[in-house]
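What follows is each chain in one-letter form.
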Amino acid sequence: MAEEDVKLGSSKPMIATQEEMVEARVPIPYRDQCAHLLMPLNRCRVAEFYLPWKCESERHAYEKCEYELVMERMLQMQKIRELEEKKKGAKLQGKSPIPLIPSTAST
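Our subject in this report is the structure included herewith. These numbers were taken from a predicted model, which means no experiment stands behind them.

As enumerated under the stated definition, the model contains two disulfides in all. Regarding the disulfides, the chain carries the connectivity 1-4, 2-3 under sequence-order numbering of its bonded cysteines.

As structure tokens, then:
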């Protein structure tokens, strides 16, 4: 059973609380494990009038965190697909395939 279990969700802890995210006006789709990095990035963006060459370190930290979350989800999905293929292969080995033409039709 331990071999078949795939841990769903992220291994990163939630650092920002719901109250902090509401206070910082973080949109609901962005309230993930990287929200604690998005809040100072958004404050910096407002302070610097969204100039693209400003707030680079904050943006880099936030984008790196999001990238790591995406890669983690991709690895989890790959493990799930491998387990499904393994189960499907085990099912096919246990049963003989259904013939396309029944034996009564050929006689």
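This next bit is on a nonpolar patch on the surface. A cluster of nonpolar residues, Tyr 67, Val 70, Met 71 and Met 74, forms a patch on the protein surface that exposes about 380 Å² of accessible area. Position of Met 74 among the secondary structure elements: in helix α3 (residues 56-94).

A word on unusual backbone geometry. Even without being glycine, Tyr 50 reaches a positive phi, approximately 60 degrees. Relative to the helices and strands, Tyr 50 resides in the loop between α2 (35-47) and α3. Even without a glycine there, the phi angle at Cys 55 is positive, about 60 degrees. Examined against the element boundaries, Cys 55 turns out to sit in the loop between α2 and α3.

A few words on the side chain of Glu 72. By secondary structure assignment, the location of Glu 72 is in helix α3. Within the buried core, Glu 72 has no salt-bridge partner, and the shortest N-O distance to an opposite charge, that of Lys 7, equals 5.9 Å. Sequence-distant contacts of Glu 72, that is, excluding residues within four places in its chain, are made with Gly 9, Ser 10 and Ser 11.

Let us now look at α2. Since the α-helix advances by 3.6 residues per turn, residues separated by three or four positions end up pointing in the same direction. Over its 13 residues, α2 extends 18 Å from the first C-alpha to the last, a length consistent with the 18 Å expected when each residue adds 1.5 Å. Burial in α2 covers these residues: Ala 35, Leu 38, Met 39, Leu 41 and Cys 44. Looking one or two residues past α2, Phe 49 carries a phi angle of roughly 60 degrees, positive in sign.

In this section: the pattern of salt bridges. Under the criterion given, the structure shown has four salt bridges. Residue Glu 68 pairs with Lys 12 through a salt bridge whose shortest N-O separation is 2.6 Å. Remark: Lys 12 occurs in the segment before α1 (18-23) and Glu 68 occurs in helix α3; sequence separation between them is 56 residues. Overall, the relative accessible area of 24% leaves Lys 12 in the partly exposed class. Linking Glu 68 and Lys 64 is a salt bridge whose minimum nitrogen-to-oxygen distance equals 4.0 Å. Here Lys 64 and Glu 68 lie together in helix α3, a separation of four residues that amounts to about one turn. Each of Lys 12, Lys 64 and Glu 68 takes part in a single network of salt bridges with overlapping partners.

Parameters at a glance
- Residues numbered from 1 in each chain as written.
- Predicted model: local features only at pLDDT ≥ 70, side-chain atom pairs only at ≥ 80, totals over all residues.
- Heavy atoms only, no water.
- Disulfide = S-S within 2.5 Å.
- Patch = residues over 30% accessible without salt bridge, like charges linked within 9 Å, V, L, I, M, F, W, Y side chains within 5 Å.
- Areas by Shrake-Rupley, 256 points an atom, 1.4 Å probe, with all protein chains shown as cover.
- Salt bridge = Lys/Arg side-chain N within 4 Å of Asp/Glu carboxyl O.
- Helix = DSSP H or I, 4+ residues; strand = E, 2+ residues; numbered from the N terminus.
- Buried < 20%, exposed > 50% of the residue type's maximum accessible area, 1.4 Å probe, protein only.
- Lys, Arg positive; Asp, Glu negative; His and termini not counted.
- Contact = heavy atoms within 4.5 Å.
- Expected span 1.5 Å × (residues − 1).

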